[in-house]
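# Understanding the architecture of this molecule
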Amino acid sequence: MKKLVALLLALAMVFALAACGGSPDASADASTDADASTSGETASNGESPVECKKIAYIMLMSSATIFQMWSDSFTETAEKLGMKADTFFCSDNADTWKSTIEQCAQGGYDGLMVSHGGQEYAWDFLTGILEQYPDLKIVTFDTPFKDAQGNVQKIEGVTQFFQQDAGFAASLVDELLKLNQEKVDAGEPVRILQVQQGAGYNSPFDRRQEGYQPYEDEGKIVTVERIAPIDDQNATSSMRDVTAATLQKYNDTEDIDGIWCCYDAYAQGVYQALVEAGSEIPMVSVDICNEDIQYMAEGKNWKACATTNWTSNGEFACRILALELADQYEDIEAASCYYDDIGAWLEIPSSIITQEMVMSKEGITVENLGEVAPDSYNDVSWMPTCDWMVELLGH
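The rules behind each value
- Residues numbered from 1 in each chain as written.
- Predicted model: local features only at pLDDT ≥ 70, side-chain atom pairs only at ≥ 80, totals over all residues.
- Heavy atoms only, no water.
- Helix = DSSP H or I, 4+ residues; strand = E, 2+ residues; numbered from the N terminus.
- Buried < 20%, exposed > 50% of the residue type's maximum accessible area, 1.4 Å probe, protein only.
- Contact = heavy atoms within 4.5 Å.
- Areas by Shrake-Rupley, 256 points an atom, 1.4 Å probe, with all protein chains shown as cover.
- Expected span 1.5 Å × (residues − 1).
- Polar contact = N/O pair within 3.5 Å; in protein donor to acceptor, adjacent residues only side chain to side chain.
- Pairing = 2+ DSSP bridges.
- Axes fitted to C-alpha atoms, helices over the stretch in contact; angles between N-to-C directions.
- Phe/Tyr/Trp six-rings, centres within 6.5 Å; stacked < 30°, edge-to-face > 60°.
- Patch = residues over 30% accessible without salt bridge, like charges linked within 9 Å, V, L, I, M, F, W, Y side chains within 5 Å.
- Salt bridge = Lys/Arg side-chain N within 4 Å of Asp/Glu carboxyl O.
- Lys, Arg positive; Asp, Glu negative; His and termini not counted.
- Charge placed at Lys NZ, Arg CZ, Asp CG, Glu CD.
- pLDDT = per-residue confidence, 0-100.
- Parallel < 35°, antiparallel > 145°, perpendicular 65-115°, else oblique.
- Left-handed = near helix turned anticlockwise from the far one by under 90°.
- Nonpolar A, V, L, I, M, F, W, Y, C, P; charged D, E, K, R; others polar.

## Focus: the overall build of the chain
- Broken down by element type, the chain carries 16 helices and twelve strands.
- With 395 residues in all, the chain has 53% of them scored as buried.
- Counting contacts in the chain only where the partners sit at least 6 residues apart, residues at least 24 apart contribute 71% of the total.
- Looking at the chain as shown, the accessible area adds up to about 16,800 Å², and 47% of this sits on carbon and sulfur atoms.

See below:
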């Protein structure tokens, strides 16, 4: 695997340098070369301060539709800014993720967008990389930084961003409250079966719990029980079995008003169990994919998903990395989704996709979801920008 990654990286370097009119020995910053490729032509005459930079999107997980949407958008945005972008998926292997980052750094990449690194190793590893390659720029997605004692850390010059996980959770609880409006109006708590891992399982799930917990603390909901898959390697089928066993303990909607799921792979198993049992309990979940949409379109239990726009996510990631490369951190900080109290931290706004939306038009997939999604799904006003980005990207 390492030899294959090394070969792919070597080829990517050759093509990237050739695209900017250079050779394997040429400077990675040859932004004034007259023979720039199509990707550089968009930002010719010095309009783009990042022209001919080489960047990469390195994803811990295996390729999936939403991650490919991210990659395509990341690459398209890079080309419009005059850069060359590559993508590497790491098959859920932390060692492959690390070695790919190392080889990209060694191979002369100017910037790396790294995704889903583990909180138990990312801070130490990336700190070491930047000590060896101080000119390298790094942006991270869903990658918390913690030291060996579990203390939150930062890396100077590295921007972290995440989805609005607490917002996901809260908006989905609100959906369940709407589905049980009579109980809410009567001042009665809504009874929820929560599908969620315990504290510390991973950072996104912990942040989602932060959005869920206030509703329970305020007495708006009561968690009937918390369940999770027993087999993480087969999460969907395991969740189906766990849910089926759990449903036998309750009298359907007489005891449970709704099911809240922290993750759509779990939700798929929940949905399968509900349908098999003939249950009428409504459910909601975080994240979305084509299978989720297909289930929602059946018009049964799955009522809503909370998600971000993965095409927008790819552009957003590329914008942040480009601004780091241009040393325009002040423009990153000016974005409306920037958190001053944390620093170098942004969160992508979320949207609710309802069953009614996906059933309103035939052939809806995650790729064309924007056709039926709310305006917030297609909004890009929260993205960081600057004068030259407006000129090259249109906003």
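## Observations regarding helix α4 (residues 94-106)
- Over its 13 residues, α4 runs 18 Å from end to end, which matches the ideal 18 Å to within 8%, given 1.5 Å per residue.
- Buried within α4 are the following residues: Thr96, Trp97, Ser99, Thr100, Ile101, Gln103, Cys104 and Ala105.
- Sitting at the amino-terminal end of α4 is Asn93, which places a side-chain oxygen 2.9 Å from the backbone nitrogen of Asp95.
- The positive-phi residue at the C-terminal boundary of α4 is Gly108, with phi of around 90°.

## Looking at the sheet that holds strand β2 (residues 84-89)
- Spatially, the six strands line up as an open sheet ordered β2-β1-β3-β4-β5-β11, and their pairing is parallel. This sheet does not close on itself; its edge strands, each paired only once, are β2 and β11 (345-348). Looking at each pair of strands side by side, their axes are set apart by 20° on average, direction ignored.
- The sheet contact formed by strand β4 (residues 137-141) and strand β5 (residues 159-163) spans three bridges and is parallel. The partner of Thr140 across the bridge, within β5, is Gln160.
- Of the strands in this sheet, β1 (54-59), β3 (111-115), β4, β5 and β11 are in contact with helix α12 (residues 310-325), which crosses β4 at around 155°.

## Quick notes on the sheet that holds strand β6 (residues 190-195)
- The six strands are arranged β7-β6-β8-β9-β10-β12 in an open sheet whose pairing can be described as mixed. Across the chains shown, the open sheet's two edge strands, defined by having one partner strand only, are β7 (221-227) and β12 (351-354). Taking the axes of each pair of neighbouring strands and ignoring which way they run, one obtains an average angle of 20° across the sheet.
- Relative to strand β10 (residues 302-307), strand β9 (residues 283-286) is paired through four bridges, and the arrangement is parallel. Residue pairing across strands places Val284 opposite Ala304, the latter belonging to β10.
- Each of β6 and β7 is contacted by helix α9 (residues 235-247), which is oriented at about 125° to β7, the strand it contacts most.

## Brief notes about the packing of aromatic side chains
- Scanning the model with the defined rule gives 22 aromatic pairs in all.
- Taking the centre distance of 4.8 Å and the plane angle of 45° together, the rings of Trp70 and Phe141 count as tilted. Linking Trp70 in helix α3 (residues 65-80) with Phe141 in strand β4, this pair joins segments that are 71 residues apart in sequence.
- Judged by its relative accessible area of 0%, Phe141 falls in the buried class.

## Regarding a negative patch on the surface
- Together, Asp327, Glu330, Glu333, Asp340 and Asp341 make up a region of like negative charge exposed at the surface.
- Looking at where Asp341 falls in the secondary structure, it is placed in the loop between α13 (329-333) and β11.

## Side note on the confidence of the model for the chain
- The share of residues in the chain with pLDDT of 70 or more is 88%, and the mean pLDDT across the chain is 90.
- Counted against residues more than four places away or in other chains, residues 1-7, with its pLDDT under 50, gives six contacts.
- Contacts for the low-pLDDT stretch residues 22-46, under 50 throughout, to residues beyond four places or in other chains number 44 contacts.

## A closer look at the packing of α3 against α12
- Two elements in contact, α3 and α12, have axes separated by 7 Å at closest approach and are oriented at 45°. By the criterion of interaxial angle, the relationship of α3 to α12 is oblique. For α3 against α12, the interelement crossing comes out right-handed. Here Ile66, Phe67, Met69, Trp70, Ser73, Phe74, Thr77 and Ala78 of α3 lie close against α12, whose contacting residues are Trp310, Thr311, Asn313, Gly314, Glu315, Ala317, Cys318 and Leu321.
- In terms of residue class, the contact of α3 with α12 is built from ten nonpolar, five polar and one charged.

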